[in-house]
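Spelled out, the chains give:
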Amino acid sequence: MPAEQQDGVGGAGLRRGLKGTVSRGRLDGMGGASDKRSSREFVAAIQVGDVCSGIVAEVSRRGVAVTLDGFAARPLGFVGPLDLSWRNFSAAAVEVGDRITAEVTAVDQEHGRAWLSTAATENAELWEFLKALRAGEALSGHIASIERFGVFVALDDGPDHPVFPGVGFITIPELSWRWFEAVSDVVQVGQRVTCEFLQFDTTNGEARLSLRAMRPDPFQRFADGAAVGQKLRGRVTKLVPFGVFVQVDNDIEGLVHLHELAWTPVEAPEQVVQVGDEITVVVTEIDRERRRVAFSRRQASTALK
């Protein structure tokens with residue numbers, strides 16, 4: 001689905017969602033002149049947020065082509081496979097000849113085409129609720145289900161989801177700033193949470209949320225107080241072929257590259273340190289954008305080892 005669809009919904013049809021009713025004269029005018037007007041002229045009258053009707057002209061793996069009411073020459077509406085339904089994730093949900101009602105999510109005036117969503121009209125109340133949310137808004141609810149790919153949140157406000165246990169969804173990276181082994185280390189089913197709304201996932205009909213955004217980023221706090229060249233004490237937490245990770249704060253781990261472990265060449269990190277060792281390191285790089293910090297053990301001492 002094109003990115004521009006995230007901003008709203010619409011189409012040339014019998015009504016215009018919650019915005020108002022499209023005039024019958026406008027529609028009659030479209031129909032009477034459909035054989036004379038070009039597809040561009042017809043589509044130019046369509047707006048994102050309109051609700052339109054038409055006949056399914058073609059069904060394929062790429063989606064569904066729709067002959068819109070008022071323009072019989074060729075299909076101008078297109079429903080992508082991910083915009084068909086939140087209940088039935090298959091093009092088999094419709095057949096050629098079916099009459100459908102859908103909401104326009106984007107208009108391609110250059111090619112004379114309107115992108116549609118039948119999921120929007122199938123779940124009109126939920127679609128309107130999700131569409132009205134704004135990035136950065138705080139939403140509250142309780143953890144409804146914990147899955148290996150993330151966490152569903154049943155929101156206090158808004159309708160239920162037709163398929164999933166909650167309208168809100170938190171991906172694994174958005175749960176916490178800290179590294180964790182299991183989701184249950186961060187949240188439990190039934191726990192109340194307040195999250196930041198990130199975006200409307202039109203594919204699944206979800207409110208993508210962030211739990212960690214409601215808490216200060218420990219890395220930025222660390223970056224504000226640290227500087228390149230500063231010496232820190234830390235504990236070795238992990239050995240990898242290319243170096244070791246050292247924890248210098250409760251939430252901050254950085255990499256000491258293999259060549260920064262000692263002044264003499266090191267082939268494997270275990271030749272120099274072991275997990276659990278307390279060592280002194282020097283900050284060599286702070287990357288705020290990627291939230292990474294690099295250390296050097298050898299620079300912590302001027303003596304050759």
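It should be noted that the structure appears before, not after, this text.
Residues numbered from 1 in each chain as written. Predicted model: local features only at pLDDT ≥ 70, side-chain atom pairs only at ≥ 80, totals over all residues. Heavy atoms only, no water.

**Q** Help me understand the overall build of the protein in this model?
**A** Along its length, the protein carries five helices and 15 strands. Expressed as a percentage of its 305 residues, the buried residues of the protein come to 45%. Long-range pairs, those at least 24 residues apart, make up 62% of the contacts in the protein with a sequence separation of at least 6. Accessible area for the protein stands at about 15,700 Å²; split by element, carbon and sulfur atoms hold 48% of it. (Helix = DSSP H or I, 4+ residues; strand = E, 2+ residues; numbered from the N terminus. Buried < 20%, exposed > 50% of the residue type's maximum accessible area, 1.4 Å probe, protein only. Contact = heavy atoms within 4.5 Å. Areas by Shrake-Rupley, 256 points an atom, 1.4 Å probe, with all protein chains shown as cover.)

**Q** Is there a simple way to explain the packing of aromatic side chains in this structure?
**A** The description of an aromatic ring pair rests on the distance of the ring centres and on the angle between the ring planes. Under the criterion given, the structure shown has nine aromatic pairs. Between Trp127 and Phe200 the ring centres are 5.1 Å apart and the planes differ by 75°, which places this aromatic pair in the edge-to-face class. Within this pair, whereas Trp127 is found in helix H4 (residues 124–132), its partner Phe200 is found in strand S9 (residues 192–201), the two being separated by 73 residues in sequence. One aromatic cluster is present, built from ring pairs that chain together Phe149, Phe152, Phe164 and Phe169. (Phe/Tyr/Trp six-rings, centres within 6.5 Å; stacked < 30°, edge-to-face > 60°.)

**Q** Can you help me understand the sheet that holds strand S10 (residues 206–210) in this one?
**A** The strands making up a sheet are joined through hydrogen bonds of the backbone, oriented either antiparallel or parallel. The five strands are arranged S6-S7-S8-S10-S9 in a closed barrel whose pairing can be described as mixed. Pairwise comparison of adjacent strand axes, ignoring direction, gives a mean angle of 50° for this sheet. Each of strand S7 (150–155), S9 and S10 touches H4; the most contacted strand, S9, lies at about 95° to it. (Pairing = 2+ DSSP bridges. Axes fitted to C-alpha atoms, helices over the stretch in contact; angles between N-to-C directions.)

**Q** Help me out: how do you make sense of helix H5 (residues 218–225) in this one?
**A** In an α-helix, one turn spans 3.6 residues, which is why side chains three or four residues apart end up on the same side. Pro218, Phe219, Phe222 and Ala223 are the residues of H5 that are buried. Projected down its long axis, H5 carries its buried residues within an arc of 135°, all on one side. Relative to its buried face, H5 has exposed residues pointing more than 90 degrees away, namely Asp224 and Gly225. Close packing links the buried residues of H5 with strand S11 (231–240), strand S14 (278–287) and strand S15 (292–296). (Arc of directions from axis to C-beta.)

**Q** I'm lost on H4 in this one. Help?
**A** The set of residues buried in H4 consists of Leu126, Trp127, Glu128, Phe129 and Leu130. Contacts from the buried residues of H4 go to strand S4 (99–108), strand S5 (113–117), helix H3 (118–122), S7, S9 and S10.

**Q** Please explain the pairing of strand S13 (residues 253–257) as it appears in this structure.
**A** Looking down a regular strand, the side chains alternate between one sheet face and the other. Covered by surrounding structure in S13 are Gly254 and Val256 only, the residues Glu253, Leu255 and His257 on the alternate face being uncovered. When strand S12 (residues 243–247) meets S13, the two strands line up antiparallel, connected through five bridges. Each bridged residue has a counterpart across the sheet, and for Gly243 the counterpart in S13 is His257. Remark: five residues form the turn of the hairpin made by S12 and S13, two consecutive strands paired antiparallel. Sheet analysis places S13 next to S15, joined by two bridges and oriented parallel. Its bridge partner lying in S15, Val256 is registered against Phe295.

**Q** I'm lost on the layout of surface pockets in this one. Help?
**A** Rolled over the atoms, a probe sized like a water molecule indicates the empty space that remains. Here the largest pocket defines a volume of roughly 890 Å³. Counting only elements with at least two residues in the lining of the largest pocket, the list comes to S11, S12, S13, S14 and S15. Residue composition of the lining of the largest pocket, by class: eleven nonpolar, five polar and ten charged. What the second largest pocket holds in volume is close to 210 Å³. (1 Å grid on protein atoms, 1.4 Å probe; cavity = no way out; pocket = protein on both sides within 12 Å on 5 of 7 lines; lining within 4 Å. Points joined across faces, edges and corners; volume = space filled by probe spheres on them. Nonpolar A, V, L, I, M, F, W, Y, C, P; charged D, E, K, R; others polar.)

**Q** What is the right way to read unusual backbone geometry from this model?
**A** Peptide bonds are trans in most cases, and residues, glycine excluded, mostly fall at negative phi. Phi angles above zero are rare outside glycine, and Arg291 is one such case at about 55°. Along the chain, Arg291 falls in the loop between S14 and S15. In this structure Arg291 comes out as partly exposed when scored by relative accessible area, which is 27%.

**Q** Whenever I open this one, the environment of Asp277 confuses me. Can you help?
**A** Positionally, Asp277 belongs in the loop between S13 and S14. For the pair formed by Asp277 and Val236, sequence separation is 41 residues and the distance between their alpha carbons is 5.4 Å. Separated by 2.8 Å, the side chain of Asp277 and the backbone nitrogen of Gln274 make a polar contact. (Polar contact = N/O pair within 3.5 Å; in protein donor to acceptor, adjacent residues only side chain to side chain.)

**Q** Explain the sheet that holds strand S1 (residues 51–60) here, please?
**A** Reading around the barrel, the five strands line up as S1-S2-S3-S5-S4 and close back on themselves, with mixed pairing between neighbours. For this sheet, the mean inter-axis angle between neighbouring strands, taken without regard to orientation, is 50°. When strand S3 (residues 77–79) meets S5, the two strands line up parallel, connected through three bridges. Looking across to S5, one finds that Gly77 is bridged to Ala114.

**Q** Please clarify how the side chain of Ser145 should be interpreted in this entry.
**A** Within the secondary structure, Ser145 is located in strand S6 (residues 138–147). When residues no more than four places from it in sequence are discounted, the contact partners of Ser145 are Gly150, Val151, Phe152, Pro165 and Val189.

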